[in-house]
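For reference, the chains in residue letters:
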Amino acid sequence: MKLTLSNLSKTYKNGVKALDDVSIEIESGMFGLLGPNGAGKSTLMRTIATLQAPDSGSADLDGIDILNDKQSLRKVLGYLPQQFGVYPNMSAEALLHYFARLKGIGDREQRNEIVNTALEVTNLFNVKNKNVAGYSGGMKQRFGIAQLLLNDPKLIIVDEPTAGLDPSERHRFLNVLREIGTNHIVIFSTHIVDDVKELCTDLAIMNGGRILSHHTPKKAVETLKGKIWALTIDRDELEKHEGMYNVISSNFNQDNTLNIRVMSETRPGDEFSEKVPELEDVYFVTLQNDEKEPANA
Ligand code: ADP
């Protein structure tokens with residue numbers, strides 16, 4: 001399977017350019033769209049999900065012209081929006097049966113099988129008799145996935161699914177995505193680097209409506225090999241170091257010191273130690289480079 005986006009642009013009425021000539025090819029597997037708030041991720045995902053039209057550009061999924069043949073795309077699409085509706089006081093199982101009937105799955109036995117599979121994959125089987133309205137945030141997100149699995153989608157889009165989840169719920173949710181991500185295209189957006197670190201086979205970093213980089217997480221990290229250096233400093237020395245080095249991130253320690261990470265082709269000074277680059281370094285460096293030379297400046 002292949003999703004091809006070509007030259008997508010979108011400017012909202014208020015003048016915000018949310019998509020700026022986005023072109024990218026996405027193949028089967030788990031694709032992470034990583035970027036800060038306002039980067040344009042939701043706009044891009046709503047465009048692929050046929051919920052809003054771009055000003056220009058085209059989008060193709062294995063021969064389906066997404067922008068002009070919305071119906072064909074919707075048949076193979078599973079979309080989990082950022083916020084979704086209020087649920088009635090019905091058990092997860094009953095509600096899934098209801099949705100499956102709406103989708104035209106009339107045969108009871110077939111419906112049982114589809115609903116049970118959806119409950120199992122999303123780890124909700126043992127709470128299938130509880131009201132969805134009373135589910136925790138993480139369970140509701142997993143229920144959203146169960147719901148979209150009912151029509152066996154080929155393209156699954158989940159928009160910031162981990163926002164607001166506590167760490168254990170987040171972990172459980174990512175495991176569910178991992179389970180379904182093998183022979184479909186799963187696109188999921190996040191501003192949390194850790195979300196994409198273990199999960200994604202492919203990754204793009206987005207900001208200002210543009211795709212700034214597109215690599216496998218492993219490749220992305222390799223580009224910084226030998227260039228990441230760390231040093232522990234006093235917290236009031238940060239500004240001085242920022243003036244001297246290309247500081248890409250800093251983290252507080254409990255004892256009033258800071259760990260800074262610096263990008264440099266060569267060792268910045270004797271006191272620095274070389275570090276194995278992490279995806280977070282890639283993210284910060286990519287965003288920083290973009291700030292220095294934005295395309296539409
Ligand atoms: P993200 O999902 O990465 O946070 P969005 O696609 O939601 O990014 O937003 C991209 C930019 O477009 C932001 O500056 C946002 O404020 C703006 N934006 C989003 N939706 C609208 C809208 N309906 N009207 C005007 N501006 C919008």
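Residues numbered from 1 in each chain as written. Predicted model: local features only at pLDDT ≥ 70, side-chain atom pairs only at ≥ 80, totals over all residues. Heavy atoms only, no water.

Draft legend 1. Expanded view of unusual backbone geometry. The backbone of Asn7 sits at a positive phi, close to 50°, despite the residue not being glycine. By the element assignment, Asn7 lies in strand S1 (residues 2–11). For Asn7, a relative accessible area of 40% corresponds to the partly exposed category. One non-glycine residue, Asn123, adopts positive backbone phi at about 60°. Following the sequence through the fold, Asn123 ends up in the loop between helix H4 (108–121) and helix H5 (137–149). (Helix = DSSP H or I, 4+ residues; strand = E, 2+ residues; numbered from the N terminus. Buried < 20%, exposed > 50% of the residue type's maximum accessible area, 1.4 Å probe, protein only.)

Draft legend 2. View of the site of the ligand. In the neighbourhood of the ligand, the contacting residues comprise Tyr12, Asn14, Val16, Ala18, Pro36, Asn37, Gly38, Ala39, Gly40, Lys41, Ser42 and Thr43. In this structure, a nitrogen atom belonging to the ligand sits 3.3 Å away from a side-chain N or O atom of Asn14. Contact with the protein chains covers 64% of the free accessible surface of the ligand, which is 560 Å². With three residues, the top contributor of residues to the shell around the ligand is helix H1 (residues 41–48). Looking at side-chain class alone, the shell around the ligand contains five nonpolar, six polar and one charged residues. (Near = heavy atom within 4 Å. Polar contact = N/O pair within 3.5 Å; in protein donor to acceptor, adjacent residues only side chain to side chain. Areas by Shrake-Rupley, 256 points an atom, 1.4 Å probe, with all protein chains shown as cover. Nonpolar A, V, L, I, M, F, W, Y, C, P; charged D, E, K, R; others polar.)

Draft legend 3. Structural view of the nonpolar core. In terms of nonpolar packing, the biggest core is built from 33 residues, with Ile145, Leu177 and Phe188 touching the most fellow members. Mapped onto this core, the elements with two or more residues apiece are strand S3 (29–34), H5, strand S7 (155–159), helix H6 (167–180), strand S8 (185–190), helix H7 (193–199), strand S9 (202–207) and helix H10 (279–292). For this core, the domains that each give at least three residues are domain 1 (2–215) and domain 2 (222–296). Setting aside its immediate chain neighbours within four residues, Ile145 contacts Leu80, Thr122, Val158, Phe173, Val176, Leu177 and Ile180. (Core = buried A, V, L, I, M, F, W, Y, C linked by side-chain atoms within 4.5 Å. Domains from an automatic or database assignment. Contact = heavy atoms within 4.5 Å.)

Draft legend 4. Representation of the domain arrangement of the protein within the structure. We note that the domain assignment places domain 1 (2–215) and domain 2 (222–296) within the protein. A C-alpha centroid distance of 34 Å is found between domain 1 and domain 2. Listed per partner, the contact involves 16 residues of domain 1 and 11 residues of domain 2. Around 1000 Å² of area is buried between domain 1 and domain 2 when both sides are counted, 69% of it from carbon and sulfur atoms. The largest share of the area that domain 1 buries against domain 2 comes from Val193, Ile205 and Arg210, three residues that together contribute 42% of it. Linking domain 1 with domain 2 are one salt bridge. Here Asp290 makes a salt bridge to Arg210, at a shortest N to O gap of 2.4 Å. Taken together, the links from domain 1 to domain 2 amount to one residue pair in polar contact (both at pLDDT 80 or more). Mapped by element, the contributors of at least two residues to the side of domain 1 that touches domain 2 are H7, S9 and strand S10 (210–215). When its residues are assigned to classes, the side of domain 1 that touches domain 2 shows eight nonpolar, five polar and three charged. (Buried area = accessible area lost by both parts, 1.4 Å probe. Salt bridge = Lys/Arg side-chain N within 4 Å of Asp/Glu carboxyl O.)

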